[in-house]
Amino acid sequence: MASRSVAAVIAGTQLTRIERLPDSEGLHNEIVLQKGHAVHFGASITQMIALGGGKAMEAGHANHVEKRHLMEAITDRTAALMYVKSHHAVQKGMQSLETMLSVAQEHKIPLIVDAAAEADLRRYTAMGADLVIYSGGKAIEGPTSGLICGRADLIEACRAQYKGIGRAMKVGKEAIIGLLTALQRYGTREETAQAQKQRMGWLIDQLTDINGLECRLARDEAGREIYRAELRIDAQRLGWSATELMKRLEGGDPAIYTRHHYANMGILQIDPRPLLPGQEQVIVKRIRELAGAK
Ligand SMILES: *Cc1c(COP(=O)(O)O)cnc(C)c1O
């Protein structure tokens, strides 16, 4: 979706331009982003920009960007600014989205927000971003796919890339239906923060008596409205380290996958989002079995 947005701001709806991308020589093709936003999210953002015919112009330094860096990166070849809202991006020393917006508006160039893993589908367009990219398979919990929201004329240009670089990225009918279904469910989802708290609170209550486990409700560290059960593991007392417990949970039947970014610190988390109703009971049962086995 990043490539397609870039293609859209470069080629618009002009067929000849659409058909020659990613060759964009002579066109407005520079995409200005902060150096701390030129990240690898599983693939390289700057490569995604290049695929759409863009030339990534990284402003400032990896850990320090001033507004002036942004202003000075803008030339008469600038096609858009891009802001990457992601935990992968450097969080300190970067300019805010508001600043990027004001720079974009001052220069009358569009701002693309890569909000792939974000949960709020209206926030960035409401703030004034021209194109906002979401992954269909992250917060929305749909199939591998993506969607772009934004200004009608630029969305039209995104759609027009179907005759160009978009063709090589097309998804099947199944993915389209899957994404639409996920979006419908997303809008009317009962799985609110309240429900997550309740489910994870129940899970925590069932584990309080286990020696070597300390459990608490933990809000998402990136500030999203996600509440997980956090298990702090005392390896001496429990008999398993966090990593050992994680491997045994994964190796069981059914396999249970924890959030294990902090396993080296003795912490595992249970994420309520992928759990079907009642599956927290399966997790409790398995953890109790493993704890009792020692
Ligand atoms: C995941 C991600 C993407 C790509 O989204 P996919 O749906 O996986 O293609 C792009 N940008 C960022 C910042 C991401 O985290």
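Numbers given for residues are sequential positions, taken from 1 along each chain in its written order. Only residues with pLDDT of at least 70 are given local features in this predicted model, and only at 80 or more are side-chain atom pairs given and counted; all residues enter the totals for whole chains, interfaces and linings. Side-chain numbers here rest on the full set of heavy atoms in the structure, without hydrogens or water.

(A) Just the pairing of strand 8 (residues 227-233), in detail. Taken across its seven residues, strand 8 has six buried, putting it largely inside the fold. Pairing between two strands is assigned when DSSP locates at least 2 bridges connecting them. By the criteria applied, helices consist of DSSP H or I runs no shorter than four residues and strands consist of E runs no shorter than two, each listed in order from the N terminus. Here strand 7 (residues 213-219) pairs with strand 8 via seven bridges, running antiparallel. Opposite Arg219, over in strand 8, you have Tyr227 as the bridge partner. Each residue gets one of three labels from its accessible area relative to the maximum for its type: buried under 20%, exposed over 50%, partly exposed in between, using a 1.4 Å probe on protein chains only.

(B) Main features of the site of the ligand. We call a residue near a given molecule or strand whenever any one of its heavy atoms falls within 4 Å of it. Near the ligand you find Phe41, Val84, Ser86, His88, Asp114, Ala116, Ser135, Lys138 and Ser145, and these make up its full shell. Here a polar contact is recorded for every N or O atom pair within 3.5 Å, except that within protein the pair must consist of a potential hydrogen donor and a potential acceptor, and residues adjacent in sequence are included only if both atoms are side-chain atoms. Between the ligand and Asp114 there is a distance of 2.6 Å, counted from a nitrogen atom to a side-chain nitrogen or oxygen. Measuring from an oxygen atom of the ligand, one finds a side-chain N or O atom of Ser135 at 2.6 Å. In isolation the ligand exposes 380 Å². Once the protein is present, 72% of that is buried. Under the scheme applied here, ten amino acids are nonpolar (Ala, Val, Leu, Ile, Met, Phe, Trp, Tyr, Cys and Pro), four are charged (Asp, Glu, Lys and Arg), and all others, including Gly, are polar. Along the lines of polarity and charge, the residues of the shell around the ligand split into three nonpolar, four polar and two charged. Exposure was quantified through the Shrake-Rupley algorithm and a 1.4 Å probe, taking into account, for residues, occlusion by the shown protein chains and nothing else.

(C) Up close: the sheet that holds strand 7. Spatially, the three strands line up as an open sheet ordered 7-8-9, and their pairing is antiparallel. The outermost strands of the open sheet, each flanked by one partner alone, are strand 7 and strand 9 (267-270). The average undirected angle you get between the axes of adjacent strands in this sheet is 30°. Here strand 8 runs beside strand 9; their pairing, made up of four bridges, is antiparallel. Opposite Glu230, over in strand 9, you have Gln269 as the bridge partner. Here, two residues are considered to be in contact whenever any of their heavy atoms come within 4.5 Å of each other. Note on definitions: angles span 0 to 180 degrees between N-to-C directions of axes, and those axes are lines fitted to C-alpha atoms, for helices only across the stretch in contact. Contacting strand 7, strand 8 and strand 9, helix 9 (residues 193-205) runs over the sheet at an angle of about 25° to strand 8. Of the strands in this sheet, strand 8 and strand 9 are in contact with helix 11 (residues 242-251), which crosses strand 9 at around 35°.

(D) Quick peek at the domain arrangement of the chain. For the chain, the domain assignment lists domain 1 (2-185) and domain 2 (193-291). By convention here, the domain bounds are inherited from an automatic or database domain assignment. Summarising the inter-unit geometry, the C-alpha centres of domain 1 and domain 2 are found 36 Å apart.

(E) Up close: the nonpolar core. Take the buried Ala, Val, Leu, Ile, Met, Phe, Trp, Tyr and Cys residues and link them wherever side-chain atoms come within 4.5 Å; each set so joined is a nonpolar core. Judged by nonpolar contacts, the single largest core of 31 residues is most densely connected at Val9, Ile31, Met82 and Ile112. Listing elements by their share of this core, those giving two or more residues are helix 1 (2-11), strand 1 (30-34), helix 3 (45-51), strand 3 (78-84), strand 5 (131-135) and helix 7 (152-160). Per-element tally for this core: the top contributor is helix 1, with seven residues. Each residue touching Met82, except ones within four places of it in the same chain, is listed here: Ala2, Val6, Ile31, Val32, Leu33, Ile45, Ile49, Met100, Leu111 and Ile112. In this structure, Leu97, Met100, Val113 and Leu179 belong to the second largest nonpolar core, which totals 27 residues.

(F) A look at the state of the cysteines. Here, a disulfide means two cysteine sulfur atoms that sit within 2.5 Å of each other. Applying the stated criterion to the full structure yields zero disulfides. In this structure Cys149 is a free cysteine whose sulfur lies 10 Å from that of Cys158, the closest cysteine sulfur available. What makes Cys149 buried here is its relative accessible area of 18%.

(G) The arrangement of a nonpolar patch on the surface in detail. Together, Val171, Ile176, Ile177 and Leu180 make up a nonpolar patch on the protein surface, roughly 350 Å² of accessible area in all. Note on placement: Ile177 falls in helix 8 (residues 173-187). A residue counts toward a patch only above 30% relative accessible area and without a salt bridge, and it is joined to like-charged neighbours within 9 Å or, for Val, Leu, Ile, Met, Phe, Trp and Tyr, to nonpolar neighbours within 5 Å. Here a salt bridge means any side-chain nitrogen of Lys or Arg lying within 4 Å of a carboxyl oxygen belonging to Asp or Glu.

(H) Examining the packing of helix 11 against helix 12 (residues 279-292) more closely. At a minimum axis separation of 11 Å, helix 11 and helix 12 run at an interaxial angle of 125°. It follows from the interaxial angle that helix 11 and helix 12 lie oblique. In the packing of helix 11 onto helix 12, the handedness of the crossing is right-handed. Across from Leu245, Arg248 and Leu249 in helix 11, the residues of helix 12 making contact are Arg286, Ile287 and Leu290. Looking at side-chain class alone, the contact of helix 11 with helix 12 contains four nonpolar, no polar and two charged residues. When describing relative orientation, an angle under 35 degrees is termed roughly parallel and one over 145 degrees roughly antiparallel, while 65 to 115 degrees is termed roughly perpendicular and anything else oblique. Here a crossing is called left-handed whenever its near helix is offset anticlockwise from the far helix by less than a right angle, and right-handed whenever the offset is clockwise.

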